[in-house]
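# Descriptive analysis of the structure
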Amino acid sequence: MRKTLLKAGLLAGAGLFAANAAQAVEIEYWQYVFDARVKAMDQLIENFEAANPGVTVEHVTFPYADYQTRVVAAHAAGRGPDVVQLFYGWTDNFVDGGILQPLSQEAFPPAEIEEDFFPIVTAMKREGAYYGLPTAVRSLALFYNKDLFEEAGLDPENPPQTLDEWVAAAEATTKRDGAGNMISAGTTLDMAGQDHHWWREVLVRQFGGAPYTDDYRTVTYDGDAGREALEWYTSLQTEKGVGAAGFMDEGQAAFRAGLAAMTIDGTFRLGAFRSIENFEWGVTELPAGPDGTRSNYSSYFANGIGASAEGEELEAAEKFLAYITSPEAMEIWLETVGELPARREVALTEANLADPIYGPFLRGLDYAHTTLFVDEAAQRQLIIDATNRILLQDVAPADALADAAEEEQELIDARN
Amino acid sequence: MAQTNDASAALRAPSPGLAEEPARGWHRLSMSQKQVVWAWGFLAVPILFYAGIRFYPTLDAFWLSLTDWNLLRPARFIGLENYAELVSDPDFWQVFENTFAYLLIGTPTSIVIAFVIAYYLDRVRFMHGFIRALYFLPFLTTAAAMAWVWRWFYQPPPIGAINGFLGSFGIPAQPFLRSTEQALPAIMVTAIWAGLGFQIIIFMAGLRAIPGTYYEAARIDGLGEFAILRKITLPLLKPTTVFLVVLSSIGFLRIFDQVYNMTTNDPGGPLGSTKPLVLMIYQSAFSSYEMGYAAAQTVVLFSILLAVSLLQLWILRERT
C-alpha cells in the first residue's frame with residue numbers, strides 16, 4: 001500500500017511537476033493562546049492562503065503556561081511545527097536542542113534584515129545565521145490614570161518626565177484610610193510583572209551602572225549602582241509609601257481597577273487596558289534618570305522555522321514566514337494586537353510617532369536594551385526574591401543583591 | 001507471569017468442538033482451574049495496562065534520576081549527582097520542611113475537625129441533609145477556582161474580605177499571602193476546608209456502622225458520654241480513621257493546586273515559604289527542563305510517601 005502511494009507520488013513528482021505545485025501543501029503554525037494574537041494570525045493566514053492557493057496553514061495554539069513545554073516535548077517526540085513562535089529569550093535552548101533550523105541566507109539575507117528591522121532583532125542571530133524574525137516588538141512605558149491625576153491636582157496632559165517628578169506624582173496620588181491602609185496606590189510595585197525589567201535595564205543604568213557586560217555573560221549589577229537602584233525601588237514602599245508589593249494582587253489589576261495612579265507595563269497590555277471604561281488613561285515614556293539618561297527594555301516573540309520542515313513544506317514555511325514578517329502583516333498586527341511593527345519603516349511613520357499611545361513606546365525602542373536571558377523565569381525569580389528579602393526580612397540591599405548576582409551568574413555559567 | 005501466558009493462550013483457544021487438538025487441553029482442566037484461567041485472562045488486561053502506564057514510567061523515573069536529561073539532549077548517566085545536588089540545595093531543605101509542615105499540621109487538624117463535626121452532625125436531625133450537603137460542597141468544587149476565591153479573600157485592604165472583616169473590629173490588616181510566616185498556614189486552611197466534606201461523610205458512615213446495641217448496653221451500665229466516646233466510638237471507628245489518615249496524609253504530601261493557584265505571580269513564594277515538593281518538581285521539570293533533577297526529587301517524594309504510608313499502617317494496625 002505504502003509502496004504504491006510512494007510510486008504514485010514519485011510519478012506525480014516526475015511527470016506532473018507543474019500540477020504538483022498546485023497540490024495542497026499543509027504546514028503547521030504554532031503560537032500560544034492570546035485572543036488578539038490568535039485573531040490577528042487567523043487574518044494573516046487567510047490573506048496568505050488567498051495569495052498562495054495550494055498552501056494551507058493549520059493554526060495550532062496552546063495555553064501560554066505550557067506552550068514552551070509543548071514545543072520541546074513535541075520535538076522530543078519527533079513531531080514539531082513548520083513555523084513556530086518563540087520568545088527571543090528561548091533561542092539558545094531551541095537552537096541547542098535542534099528545534100529550529102537557520103533561515104536560509106537566500107530567502108532572508110542577514111544584511112537586509114539588519115537594515116530593515118530594529119537592531120534588537122540581532123538577538124535571534126547565532127554565528128552569522130538568523131533563527132527567526134519578529135512580526136512585532138514590545139517596549140515599556142508609563143501608564144497613568146488621568147482621572148486620579150486630576151483629582152490630586154496634577155496636570156493630566158503633563159505626566160512626569162523624570163524619576164523625581166514621578167515620585168512627586170506618586171506621592172500626590174496615594175490615598176490612605178484612617179487606619180493608614182492604602183486604598184489607592186500612587187504606583188504599582190510588582191517585580192513579578194514588568195518591574196524586574198525596569199530595574200534591570202532601566203534603573204540600574206540610570207543610577208550609573210550596567211546590569212551585565214555587553215555579551216550578557218557576566219552579571220555586573222551587584223555594584224553601587226545596582227544597590228542604589230534597588231534601595232530606591234524598595235524605598236517607594238518602605239519610606240515613601242507610594243505603593244505596596246501585592247496591593248490588589250497584581251500591578252496591572254490595580255491599575256485596571258482604577259486603584260493605582262501609575263504603572264509600568266508593555267505594549268502587550270494595551271489590548272487589556274483599552275477595555276477600561278470608567279476612567280481616562282494616558283501613556284508616556286519611562287521617566288528619565290537623575291542625569292537625564294533614558295532607557296527601556298524591549299522584547300519580542302519571533303517566528304522560526306522548525307527543524308523538521310523540508311522539501312515543499314520548507315518552501316511553504318519560508319513563504320509564510322516572509323509574509324508574516326512583511327510590512328502588510330505588521331500593519332495588521334499593530335491594528336489588531338497593538339504591538340509595534342518590527343520593521344523601522346513601518347513603525348516610525350509620522351502618524352505612529354505622533355500617536356499619543358504608540359508614540360511613547362516607539363520613542364522607547366530607540367534607546368531600548370534587550371536582555372539575553374538564559375532562563376527568564378529563574379532570573380526573574382532571583383530579583384523577586386532579592387526584593388522580598390529586603391521588604392519582608394529586613395536583609396540589607398547590598399547582601400540581597402550580592403546573593404542574587406552570585407546565583408544568577410551560576411545560572412548563566414551552567415548554560416554555557 | 002506464567003499464569004498470564006496461560007490465560008492469553010486460553011483466550012486465543014477456539015471454543016470447544018470447533019478444533020479438536022487445542023480443545024483437548026482445555027477439556028482436561030477441572031471447573032475450578034478453568035475459572036482461575038478465565039479470571040487471570042480478564043485480570044491480565046488491567047495488569048498489562050497498569051504495567052504500561054504506571055509501573056514502567058515509575059521505574060523509568062528511577063533511571064532518569066541518574067541522568068542529566070533535559071528533554072532536548074539525549075540522557076547521559078551521571079550517577080548520584082542529582083541526589084548530591086539535592087542534598088546540598090538549601091531550597092530543597094526549605095521545600096522539605098514546608099512539605100512536612102503541610103503534612104504534620106494539616107492531617108491531624110483536618111481529622112480532628114472532621115471528626116468533631118461528624119460526631120455532632122450525626123445527632124442533628126433538623127435539616128441534617130442540607131447541612132451535610134453544605135459541608136460536602138467544597139469537595140465538589142474545582143481546586144483552582146477555590147484557590148482563586150481564597151486568594152482574593154486574603155488580599156490586603158481595600159479589597160480583601162478577611163482584612164475588611166478584621167478592620168471592622170479595629171484589628172490591623174494582616175499580610176497573609178505576602179508574609180513568609182502567614183502564607184503557609186493561610187494556604188493550609190483552604191486545603192483543610194476543601195477536603196473536610198469528604199472526611200465528614202466518611203466519618204459519618206463509620207459512626208452509623210457502629211451497632212446501636214453497644215451504646216444501649218453502655219448506657220444501661222451507666223457509662224458517661226465521654227467514656228462511651230473513648231471506649232466504644234473511637235476504637236470501633238479505627239478502620240475509618242486509618243483510612244482517612246492515610247488518604248489525607250498522601251493528599252497533603254502531594255499538595256500543589258492550592259499553592260500554585262494562590263501564588264502564581266511568585267510560585268511557592270514569598271521566598272519559597274509555601275513551596276511544596278510537588279511544585280519544586282514541576283518547576284524543575286517544566287520551567288527549567290531539568291528532567292533528571294526533577295526525577296530525583298520525584299524519587300524522594302515517592303520514598304517519603306511510601307515510608308509515611310507504611311509507618312501509619314504500622315502504628316494504627318490492629319493489635320490482636
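Residues numbered from 1 in each chain as written. Chains lettered and ligands numbered in written order. Predicted model: local features only at pLDDT ≥ 70, side-chain atom pairs only at ≥ 80, totals over all residues. Heavy atoms only, no water.

### Here we look at the overall build of chain A
Across its full length, chain A carries 19 helices and 16 strands. Relative to a compact globule of 416 residues, whose C-alpha radius of gyration would be 22 Å, chain A shows 24 Å and is just as compact. A principal-axis box enclosing the C-alpha atoms of chain A has dimensions of 85 × 45 × 35 Å. Considering only residue pairs separated by 6 or more positions, chain A has 74% of its internal contacts joining residues 24 or more positions apart. As presented, chain A carries roughly 17400 Å² of accessible surface, and 49% of it is formed by carbon and sulfur atoms. (Helix = DSSP H or I, 4+ residues; strand = E, 2+ residues; numbered from the N terminus. Rg over C-alpha atoms; globule rule 2.2 N^0.38 Å. Contact = heavy atoms within 4.5 Å. Areas by Shrake-Rupley, 256 points an atom, 1.4 Å probe, with all protein chains shown as cover.)

### A look at the interface of chain A and chain B
Taken together, the 32 residues of chain A in the interface contact 23 residues of chain B. Between chain A and chain B, a total of about 2400 Å² is buried, with carbon and sulfur atoms accounting for 54% of that surface. Asp249(A) is the salt-bridge partner of Arg151(B), the closest N and O atoms lying 2.8 Å from each other. Of all the secondary structure elements, the ones that give two or more residues to the side of chain A that touches chain B are helix 4 (67-76), helix 5 (91-96), strand 10 (182-187) and helix 18 (376-393) of chain A. Classifying every residue of the side of chain A that touches chain B by side-chain character gives 14 nonpolar, ten polar and eight charged. (Buried area = accessible area lost by both parts, 1.4 Å probe. Salt bridge = Lys/Arg side-chain N within 4 Å of Asp/Glu carboxyl O. Nonpolar A, V, L, I, M, F, W, Y, C, P; charged D, E, K, R; others polar.)

### Quick notes on the domain arrangement of chain A
By a widespread convention, an interface's size corresponds to the accessible area lost as its parts come together. All names here are of chain A. Each assigned domain of chain A is listed here: domain 1 (23-138 + 299-363) and domain 2 (140-297 + 374-414). Contacts between the two partners involve 17 residues from domain 1 and, on the opposite side, 17 residues from domain 2. Summed over both partners, the interface of domain 1 with domain 2 comes to about 1400 Å²; 56% of that surface belongs to carbon and sulfur atoms. Put simply, domain 1 and domain 2 have two salt bridges between them. A salt bridge links Glu285 to Arg363; the shortest N-O distance between them is 3.1 Å. Inspection of the region where domain 1 meets domain 2 yields three residue pairs in polar contact (both at pLDDT 80 or more). Of all elements in the fold, only helix 5, strand 7 (133-138) and helix 17 (358-366) reach the threshold of two or more residues within the side of domain 1 that touches domain 2. Top contributing element to the side of domain 1 that touches domain 2 by residue count: helix 17, with four residues. Taken together, the residues of the side of domain 1 that touches domain 2 break down into ten nonpolar, three polar and four charged. (Domains from an automatic or database assignment. Polar contact = N/O pair within 3.5 Å; in protein donor to acceptor, adjacent residues only side chain to side chain.)

### Concerning a negative patch on the surface
Residue and element names in this part refer to chain A. A contiguous patch of negative charge on the surface is contributed by Glu26, Glu58, Glu310, Glu312, Glu313 and Glu315. Among the elements that make up the negative patch, the one with the highest residue count is helix 13 (residues 311-324) (three residues). Relative to the elements of secondary structure, Glu58 occurs in strand 2 (residues 55-62). On the accessibility criterion, Glu58 (36% relative accessible area) is partly exposed. (Patch = residues over 30% accessible without salt bridge, like charges linked within 9 Å, V, L, I, M, F, W, Y side chains within 5 Å. Lys, Arg positive; Asp, Glu negative; His and termini not counted. Charge placed at Lys NZ, Arg CZ, Asp CG, Glu CD. Buried < 20%, exposed > 50% of the residue type's maximum accessible area, 1.4 Å probe, protein only.)

### Topic: the packing of aromatic side chains
Any two aromatic rings considered together are summarised by their centre-to-centre distance and by the angle between their planes. Inspection of the entire model under this criterion finds 55 aromatic pairs over all chains. Plain terms: the ring middles of Trp90(A) and Phe301(A) are 6.0 Å apart, the flat faces sit at 90° to each other, and that makes the pair edge-to-face. Of this pair, Trp90(A) sits in the loop between strand 3 (83-87) and helix 5 while Phe301(A) sits in strand 14 (residues 299-306), and the two are 211 residues apart along the sequence. For Phe301(A), a relative accessible area of 5% translates into the label buried. Aromatic side chains Phe165(B) and Phe169(B) sit 5.2 Å apart centroid to centroid with 70° between the ring planes, which places their arrangement in the edge-to-face category. By relative accessible area, which is 58% here, Phe169(B) ends up exposed. Three or more aromatic residues joined by ring pairs form one cluster here, namely Trp30(A), Tyr32(A), Phe62(A), Tyr64(A), Tyr67(A), Phe87(A), Tyr88(A), Trp90(A), Phe94(A), Tyr300(A) and Phe301(A). When the ring centre of Phe301(A) is taken as reference, the NZ or CZ atom of Arg37(A) above it lies at 5.2 Å. Here the guanidinium or amino end of Arg151(B) rests over the ring plane of Trp148(B), the centre of that ring lying 4.0 Å away. (Phe/Tyr/Trp six-rings, centres within 6.5 Å; stacked < 30°, edge-to-face > 60°. Lys NZ or Arg CZ within 6 Å of the ring centre and 35° of its normal.)

### A word on the side chain of Thr233(B)
All names here are of chain B. In this structure, Thr233 sits in helix 11 (residues 225-236). Take Thr233: its relative accessible area is 2%, and that puts it in the buried class. Leave out the neighbours within four places in its chain, and Thr233 touches Tyr119, Leu207, Ile210, Tyr215 and Ile228.

### Here's the deal with the packing of helix 14 (residues 277-286) of chain B against helix 15 (residues 291-315) of chain B
Residue and element names in this part refer to chain B. Following both chains from N to C, one finds helix 14 and helix 15 inclined at 160°, their axes separated by 8 Å at the closest point. Between helix 14 and helix 15, the angle is such that the two are roughly antiparallel. Where helix 14 crosses over helix 15, the two elements pack in a sense that is left-handed. Between helix 14 and helix 15, the contacting residues are Leu277, Val278, Met280, Ile281, Ser284, Ala285 and Phe286 on the first element and Met291, Tyr293, Ala294, Gln297, Thr298, Val300, Leu301 and Ile304 on the second. (Axes fitted to C-alpha atoms, helices over the stretch in contact; angles between N-to-C directions. Parallel < 35°, antiparallel > 145°, perpendicular 65-115°, else oblique. Left-handed = near helix turned anticlockwise from the far one by under 90°.)

### Description of a nonpolar patch on the surface
On the surface, Val124(B), Phe126(B), Met127(B), Phe130(B), Leu134(B), Leu137(B), Phe139(B) and Leu140(B) cluster together into a nonpolar patch covering about 830 Å² of accessible area. The residue Leu134(B) is located in helix 6 (residues 128-140) in this model.

### Points about the sheet that holds strand 8 (residues 140-145) of chain A
All names here are of chain A. In spatial order, the strands read 9-10-11-8-12; together these five strands make up an open sheet with mixed pairing. Each edge of the sheet is formed by a strand with only one pairing partner; in this case those strands are strand 9 (175-176) and strand 12 (281-284). Across two bridges, strand 9 lies against strand 10 in antiparallel orientation. Within strand 10, the position partnered with Arg176 by the bridge is Met182. (Pairing = 2+ DSSP bridges.)

### Considerations on the UniProt feature "transmembrane region" (unreviewed entry) in chain B
Residues and elements named next belong to chain B. The positions UniProt marks with the feature "transmembrane region" (unreviewed entry) are residues 36-56, 100-121, 133-153, 183-207, 236-256 and 294-316. Along residues 36-56, the helical share is 100% and the strand share 0%, with 26 Å between the first and last C-alpha atoms. Taken as a whole, residues 183-207 contains 100% helix and 0% strand, while its terminal C-alpha atoms sit 35 Å from one another. (UniProt positions renumbered as here; feature names shortened; annotations may be inferred.)

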